[in-house]
There are 2 protein chains.
Amino acid sequence: MSQKKYVYSFAPGSVDGNRNMRDTLGGKGANLAEMAGIGIPVPPGFTVSTDVCNLFLKAENQIPPEVEEEILGHLDRLGDGAEQRLGDEENPLLVSVRSGAKFSMPGMMDTILNLGLNDQTVEGLAQKSGNGRFALDCYRRLIQMFGDVVLEISKKDFENILKGIKHQNNIENDFELSEKNLEDVIAGYKNLVKDRTGIDFPQDVKEQLFMAISAVFKSWGNPRAITYRRLNHIPHDLGTAVNVQMMVFGNFGENSATGVGFTRNPATGEKELYGEFLYNAQGEDVVAGIRTPSPIEDLKKNMSEAYDELEEITTRLEKHYQDIQDFEFTIQERKLYMLQTRSGKRTGWAAVRIAVDMVNEGLINKEKALFLVEPESLDQLLHPVFDGAEKAKHEILARGLAASPGAATGQVVFTADEAVSWKEAGKRVVLVREETSPDDIHGMSASQGILTATGGMTSHAAIVGRQMGKPSVVGCAAIMPNEEDRYFQVGDQKVNEGDWISIDGSSGEVLHGEIPTKPSEILQVIRGELAPEESVTFKYFDKLLSWADEVRKLRVRANADTPKDARIAFAFGAEGIGLARTEHMFFERERLPFIKQMIMAETEDERRENLKHILPFQKTDFYELFKELKGYPVTIRTLDPPLHEFLPKKEELMVELVELKASGSPDNERIQELEKVLERVKALSEFNPMLGHRGCRLGITFPEIIEMQAQAIFEAACELASEGGKVFPEIMVPLIGSVEELADQKEIIVRIAEETIKKYNIELEYTVGTMIEIPRAAITADEVAKEADFFSFGTNDLTQTTFGVSRDDGAGFINHYLTHGFWKDDPFASVDVSGVGELMKWAVEKGRQTKPELKVGICGVHGGDPRSIFFCHKIGLDYVSCSAYQIPIAHLAAAQVTLSEDTTS
Amino acid sequence: MSQKKYVYSFAPGSVDGNRNMRDTLGGKGANLAEMAGIGIPVPPGFTVSTDVCNLFLKAENQIPPEVEEEILGHLDRLGDGAEQRLGDEENPLLVSVRSGAKFSMPGMMDTILNLGLNDQTVEGLAQKSGNGRFALDCYRRLIQMFGDVVLEISKKDFENILKGIKHQNNIENDFELSEKNLEDVIAGYKNLVKDRTGIDFPQDVKEQLFMAISAVFKSWGNPRAITYRRLNHIPHDLGTAVNVQMMVFGNFGENSATGVGFTRNPATGEKELYGEFLYNAQGEDVVAGIRTPSPIEDLKKNMSEAYDELEEITTRLEKHYQDIQDFEFTIQERKLYMLQTRSGKRTGWAAVRIAVDMVNEGLINKEKALFLVEPESLDQLLHPVFDGAEKAKHEILARGLAASPGAATGQVVFTADEAVSWKEAGKRVVLVREETSPDDIHGMSASQGILTATGGMTSHAAIVGRQMGKPSVVGCAAIMPNEEDRYFQVGDQKVNEGDWISIDGSSGEVLHGEIPTKPSEILQVIRGELAPEESVTFKYFDKLLSWADEVRKLRVRANADTPKDARIAFAFGAEGIGLARTEHMFFERERLPFIKQMIMAETEDERRENLKHILPFQKTDFYELFKELKGYPVTIRTLDPPLHEFLPKKEELMVELVELKASGSPDNERIQELEKVLERVKALSEFNPMLGHRGCRLGITFPEIIEMQAQAIFEAACELASEGGKVFPEIMVPLIGSVEELADQKEIIVRIAEETIKKYNIELEYTVGTMIEIPRAAITADEVAKEADFFSFGTNDLTQTTFGVSRDDGAGFINHYLTHGFWKDDPFASVDVSGVGELMKWAVEKGRQTKPELKVGICGVHGGDPRSIFFCHKIGLDYVSCSAYQIPIAHLAAAQVTLSEDTTS
């Protein structure tokens, strides 16, 4: 009695397991037991537990004798109902052997059907079933699967034998094979086995069984499975279970069938039994694509009873599991058997619809509904999409990283300026660049989508693409563009400026030609182009998010630089702006010359003179932005990028100069001018600009710049306030490494603020805080908090500095790190909890030790990532700030983490 | 009785203070009290405490009435002995007023002498002294000093009046002025005062006194003093004291004198009364340079008693203070008075000699001696120096940062290759570069000294210069060289290749022409060029360091890449090599082509093929290095720099290509070749190479490189071991950010090590550890320690990443940060305790939680910085590793911190 249990039955009347035992039984085994337990017709069987897998591997691939005994015991009982015995020549028991780990895993051995057949039992089966052809078909399938999976003989070799015999006999389809043909196939298969392994196909059926079970366990240790586990940080000692189940036969004849399905439409969420099946077929036939399966409702015609039962059972399963189910079934002579059930994968839209519908149907409550949608998947609802059928007609040119979802189609342009002018001429364009930089913003904004050859998921193009809601494919090395000569080449195909391409930001595909897209309904509503009540999608989406709003505790703000961004953010439910960058404004056409002159200035006076010209522009920018806020707070970051970003590139200048000088009649004036610019560019150029003269370092060395910015902000705020508007500016200083830096900048900001408020003679609340984006700022947060009204984590830079990795330079190793498991997740997408997260926790604790009321938020890209949002909630942040289009994601993620805390506490 | 005391007497018989009361009395006041207390003849006086300064400033520049009263009381008693009273027309009391804060501070008001004189008392003084000229001289000095210091009238204006009168009367020296002349001077001075301030020079002597005291207090708040305190992190509320002291007169006639001196020679340490004096002079006259003072021994001639007394007193003072004293004295009519004493500043050599001598003389013990030498100052003993008189003959061309001390003189060359070939031709050269990089190493090694236009104290040139012991001046922007046309220009002076210049790495000066230098004796001994017993300097040096070795607990290793470096390091007492870089070996001429081919390789096979050629070179490198070790451990760092450092620069290639193409008959083969290199350079180029594909990231993506290195190391070690040599290699993986990276590299290293050891069939101990130079490695040190046998802090990169600052890009702001107090100290020179230091502490604690026996060291430049060494000792490091030339510094610093702990615990 005290003996450890290794084998668990799921036969009717003796079910040892349930769905909560995934650790022991694996996912498949646990669900089989659960189904058997609630009376669903499941062919009886048993599960050899994951513990055995570990024992097996430890014992150098030996199944322990006591387990072997336990298995044989279960096997005996298995045939009892049908009076079958494994290897019985008259009434043989046939079983399937399937692996089933806790998490499904590619590379693991999958399935062996019809185990128990040999040269004798195949006769018994033929007689007992009265169907010789069926018995032979089962036998050849067994040898094929066993040969492939257990003996590691290539599938192709078996297929070639089958093909050869079909060819000899002028047969096109498998079901046309006669018994004689099948006998020939079996003979051929046996020869192949003997030939390749030196042994005969095992006639001892117990040997078959234990070889199959051993093969499953061994496959746990195959390289592909190991790599997969390493990448997904699945512990290697979980082990896999093995399910041994009595065979039922979908290939018993025309009254038999096998199929797969979903309880609802996984693409649209519609409530309908959705799936497909084949008559007289077994196992993989349905998905193998050799025969075209029929839609599941066709079952009604010939097998209406089985269909009704399937409908009844799957409805029960959905109710039982409180989620859409993905199931497998087999019908043997009109009798229905369920072989598997599990949660179904679904699109974002389907997830929302199913969650809301199931609440309306009374199947689940709102809290459960919030967990049925993966926050990231909401993104799919916002972006234009290609029509799938149309897309299939077009050739895939290359693949890159799917950086910003959605579909874009347009004519290729290679510069930002061209993007703008083509757009102004009424054309749709896709901007193709080696990489993008802040001075491409206007061009990105004018494009349908963005395609770059370099950069990762957090490159400039990717971030801006997502923030703008522009479909973007980045890091597509194959298309390295020749921007000068205006083409890119893939293989022997040349794509010129003006050629049509399409990019799918959800898959990373780059396609030839123009593919029609359809805009997202939700976005149309958000933009005010469609009335909310006219969009079913929006109503569902809005309903789900209203439930999220009822529970979430984290506030959600948006990163937005322009009034347009702000409008969209507030339509999505932003509760303020968490990051308004002031430098994007610098790049706009009419002010860039002043910026450039300001940078070229040799004296402070000269700089101040140029800043005077910039001031009214900045003031207007802020005024327009503040008008959108309606009293919500806005965090404005002072100038951040290094000044050389506003000047031409050194190499370009050098090459242009050499060319100019080498030309027949050099333009000396132009040469002089260029040389002057080059001199300044050289003086400003840096080996590591990311760690250079930027952020508050600019404001400290050129206080006149931050003075101008403060003046613009506070004049705009005061003006709006004096007109009765509500505005609450929070000035944020970037790249602080020590409290001294913040104190210096704060002194300037407060001085200008007080002067301005006094001048306007009004009341205006404002705060001054800092980004925490340098490790030292986090480490000395107790000091920094003395001068800060708030912290905002700039996790982009904080991740770069904490890892000592430039995200822009990752090509050489970041991809390697991600694919080889050095990094579990991309730390530039999801907060690295044990490194960066530790610094964040430290900063929050230390900061609030100094100032308990310290407001703390995050404005890096991580602010829109659900796992990061969970973490931010847990370490006590007040808000996250993300791109406008990520606000729904953040709302849902914030709700989920709040709920999961409620249930665990 | 319970009233707070504000004024402290140092009159004979009523001394209220002592040398430990610097907080209250300031440094000067505390030492005056101390001297008075031990019976040294000090003119009586009193000190108004630093508390009064704070009260004064709080009360808006008012001396509190109760303090005023207390001062007047002391003043009354002061004159008692001589029956003098301030303002008494017959026997006037005259006093000096001097500031004296805890720390001496530029910008503070200094001294007013002869206070108490007015139109009446000057007559009394004349009569009483019987010396009208003397009285008038005192009066004109008072007006001049008071006018300058209290009334803020420019000194120059007073001097012009004096000059004018001397000119009118054809007088050259002040002492030739007649009474009549002096009366004219006084009249002129008074007019100036009236003219500039609108008031008469105050005739009320108490008003004089309180104005003077107030001026001292006010000067505490002047901008220069505030800036100085901010920069030196001296609290603003310390305040300054004021010393009011009865005048004694060195200008009383030819029997009077005033002088300054040291108890030992501050340049050579020789035990001799060292100083100078002037007969019939007062105050600043001695150092003002108008008259040439006489050596102090000349006093013997005319005033042997005073001289003997001075000798006796200063000997007592030295014994009392247990340190060389810097003193001021005045002799009035053959009577000696001491006016000040304090510790004397001395050169490194003098410090060593004095410390050792004082122990031999029985004045101090060894522990005290170790504190008499500033560790940094030992550096001065190691570098060749210019002959001071010779140097003065040469013109200073420019000044840069004094990066590596010592003197160098040579002919200018602009490339590393030229440096080598000129040297081979028997010439001495100074290498002048815009900046240096690892491929300049051979040229740096061949040069007398290095001069660069860019870079800071921790630039490549500075670090390598110090490590090589090469005098270096860096960041000398004024000399921006035109490396192509081989000249640099300073103002209108052009310095061509081959011209002679001299650089002083101790002062940062760049001078025209050839200046003779003398090599350091100690270095000659270390290099084996001079027998130890033949060098007095070495004997002293060695003695002091032997005392340090008796007490220090930290072990000291050297950073050394070559056998030569190692030999020097061990001669200096290194206890192992803490950092041997493997990439410097890559740059050597015969292997660079293979390295380049390896990098250009497109496949792993091609790379492996080239690595095979490099292997024997690396193996020989290690074998030769190991031979020097004699059993000491050596920490070898695997390849660290990004691969593009080994290829030409992108811009250079681009410009060359444009030029080639534009030329009349383009060399197409060369163009193709260059284009191929350019392509690879572009592919490898990074925006932020510091955060890019380098360190272990190379070893992870190109495991064949680290395999080759491991093979070279272990074959060399095994070979030496099998020959009976002792070697203990510690392989160190750079730039680890996570334990996964270390585990990967360790797996390779251990595998190769075990294979090789097995092949040689010997026993060999080795360890594998990691640099901690990325914040994330420090934060996750508990994890990293699982795979590490040791940690070595790479504080250069750790500082860069923790601050988010590239030390190479600092030009724009680092200097500003240092001069404006944003950084107290240069974090690239001395460990930033509150930021980087916090991470180090964390890493040591976490690492040893996982592995209590974890060995921890440091190998960044900070390993040779005394304050950083103190810190390393305190957080429990096992060793520091520094350049060979810094080993003595590290030994002394390590001894000091051990001793200071012993006394405080």
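Since we're looking at a predicted model, the values are computed, not measured. (Residues numbered from 1 in each chain as written. Chains lettered and ligands numbered in written order. Predicted model: local features only at pLDDT ≥ 70, side-chain atom pairs only at ≥ 80, totals over all residues. Heavy atoms only, no water.)

Next up on the list: the overall build of chain A. When helices and strands are counted, chain A shows 35 helices and 32 strands. Over its C-alpha atoms, taken along the principal directions, chain A stretches across nearly 105 × 70 × 55 Å. Looking at chain A as a whole, 59% of its 905 residues are labelled buried. Contacts in chain A between residues at least 24 apart in sequence constitute 68% of all its contacts with a sequence separation of at least 6. Counting only carbon and sulfur atoms, one obtains 47% of the accessible surface of chain A, whose full area is about 36,500 Å². (Helix = DSSP H or I, 4+ residues; strand = E, 2+ residues; numbered from the N terminus. Buried < 20%, exposed > 50% of the residue type's maximum accessible area, 1.4 Å probe, protein only. Contact = heavy atoms within 4.5 Å. Areas by Shrake-Rupley, 256 points an atom, 1.4 Å probe, with all protein chains shown as cover.)

Relative to the elements of secondary structure, B:Glu741 occurs in helix α28 (residues 739–760). It turns out B:Glu741 is buried and unbridged, and the closest side chain with the opposite charge, B:Arg697, is 4.7 Å from it. With near-sequence residues (within four places) excluded, B:Glu741 lies in contact with A:Tyr817, A:Phe822, B:Cys696, B:Ile700, B:Leu735 and B:Ile736. (Lys, Arg positive; Asp, Glu negative; His and termini not counted. Salt bridge = Lys/Arg side-chain N within 4 Å of Asp/Glu carboxyl O.)

Moving on: the pairing of strand β31 (residues 855–858) of chain B. Remember that side chains alternate between the two faces of the sheet whenever the strand is regular. Residues and elements named next belong to chain B. With burial as the criterion, each face of β31 is covered, one bearing Lys855 and Gly857 and the other bearing Val856 and Ile858. Where strand β30 (residues 790–793) lies against β31, four bridges are found, and the strand directions are parallel. In the sheet register, phenylalanine 790 faces β31, and the bridge partner there is lysine 855. Pairing of β31 with strand β32 (residues 879–883) involves two bridges; the strand directions are parallel. Residue pairing in the sheet places glycine 857 in a bridge with tyrosine 879 of β32. (Pairing = 2+ DSSP bridges.)

The next subject is the sheet that holds strand β1 (residues 7–11) of chain B. In a beta sheet, neighbouring strands pair by backbone hydrogen bonds and run either parallel or antiparallel. All names here are of chain B. Within the open sheet, the six strands sit side by side as β2-β1-β3-β6-β4-β5. Their pairing is antiparallel. Each edge of the open sheet is held by one strand with a lone partner, namely β2 (14–15) and β5 (111–115). As paired strands, strand β4 (residues 95–101) and β5 are joined by three bridges and run antiparallel to one another. Counterpart to arginine 98 in the pairing with β5 is threonine 111.

Under the counting rule described, the total for this entry stands at five cavities of 30 Å³ or more. Counted as a void, the largest cavity has a volume near 100 Å³. Going through the elements one at a time, α33 (836–850) of chain A together with α33 (836–850) of chain B are the ones with two or more residues in the lining of the largest cavity. For the lining of the largest cavity, the per-class residue count stands at six nonpolar, no polar and two charged. (1 Å grid on protein atoms, 1.4 Å probe; cavity = no way out; pocket = protein on both sides within 12 Å on 5 of 7 lines; lining within 4 Å. Points joined across faces, edges and corners; volume = space filled by probe spheres on them. Nonpolar A, V, L, I, M, F, W, Y, C, P; charged D, E, K, R; others polar.)

Residues and elements named next belong to chain A. Read across the open sheet, the eight strands follow the order β13-β23-β22-β15-β16-β17-β18-β14; overall the sheet is mixed. At either end of the open sheet lies a strand with only one pairing partner, and these are β13 (396–399) and β14 (401–404). Taking the axes of each pair of neighbouring strands and ignoring which way they run, one obtains an average angle of 30 degrees across the sheet. One ladder, built from four bridges, connects strand β22 (residues 500–504) with strand β23 (residues 509–512); its direction is antiparallel. Among the inter-strand pairings, isoleucine 503 is bridged to a residue of β23, identified as valine 510. (Axes fitted to C-alpha atoms, helices over the stretch in contact; angles between N-to-C directions.)

Next up on the list: the relation of the copies chain B and chain A. Note on the copies: chain B fits chain A at an RMSD of 0.2 Å, the axial shift is 0.1 Å, and the rotation between them is 179 degrees. The transformation relating the two chain copies, once decomposed into turn and shift, fits a two-fold axis. Across chain B, the smallest distance between a C-alpha and the rotation axis is recorded for B:Asn688, namely 2.2 Å. Comparing interface residues between copies, 100% of those in chain B also sit at the interface in chain A, which points to an isologous, same-surface contact. (Least-squares fit on C-alpha atoms with pLDDT ≥ 70 in both.)

On to the confidence of the model for chain A, then. A residue-level look at chain A finds 97% of positions with pLDDT of 70 or above and a mean pLDDT of 91. Taken over the whole predicted complex, pTM reads 0.83, whereas the ipTM for its chain interfaces reads 0.82. (pLDDT = per-residue confidence, 0-100.)

To continue, consider the nonpolar core. The nonpolar side chains of a soluble globular protein tend to be buried with one another. Grouped together as the largest cluster of nonpolar side chains are 311 residues, with contacts concentrated most on A:Phe626, B:Phe572 and B:Phe626. Leaving out residues up to four positions away in the same chain, A:Phe626 has contacts with A:Val634, A:Ile636, A:Ile713, A:Ala716, A:Ala717, A:Leu720 and A:Val727. (Core = buried A, V, L, I, M, F, W, Y, C linked by side-chain atoms within 4.5 Å.)

The interface is formed by 49 residues belonging to chain B together with 49 residues belonging to chain A. If you look at where chain B meets chain A, you find four salt bridges. Linking B:Arg776 and A:Asp832 is a salt bridge whose minimum nitrogen-to-oxygen distance equals 2.7 Å. For the side of chain B that touches chain A, the element with the most residues is helix α24 (residues 650–662) of chain B, which contributes seven residues. Of the residues contributing to the side of chain B that touches chain A, the split by class is 20 nonpolar, 15 polar and 14 charged.

Right, let's get into a negative patch on the surface. Together, A:Glu602, A:Asp605, A:Glu606 and A:Glu679 line one region of the surface with negative charge. Within the element layout of this structure, A:Glu679 appears in helix α25 (residues 668–684). (Patch = residues over 30% accessible without salt bridge, like charges linked within 9 Å, V, L, I, M, F, W, Y side chains within 5 Å. Charge placed at Lys NZ, Arg CZ, Asp CG, Glu CD.)

This part covers the packing of aromatic side chains. To describe a pair of aromatic rings, you give the distance between the ring centres and the angle between the ring planes. Applying the stated criterion to the full structure yields 45 aromatic pairs over all chains. Between the aromatic rings of A:Phe327 and A:Phe329, the centroid separation amounts to 6.3 Å while the plane-to-plane angle is 45 degrees, which identifies the pairing as tilted. Grouping residues by exposure puts A:Phe327 and A:Phe329 together as buried. Centre to centre, the rings of B:Phe813 and B:Tyr817 are 5.4 Å apart; their planes meet at 70 degrees, and the pair counts as edge-to-face. Through successive ring pairs, a cluster of aromatic residues spans A:Phe803, A:Phe813, A:Tyr817, A:Phe822, A:Trp823 and A:Phe828. If you follow B:Lys5 out to its NZ or CZ, it ends over the ring of B:Tyr8, 5.1 Å from the centre. Sitting above the plane of the B:Tyr321 ring, B:Arg19 keeps its charged end 4.9 Å from the centroid. (Phe/Tyr/Trp six-rings, centres within 6.5 Å; stacked < 30°, edge-to-face > 60°. Lys NZ or Arg CZ within 6 Å of the ring centre and 35° of its normal.)

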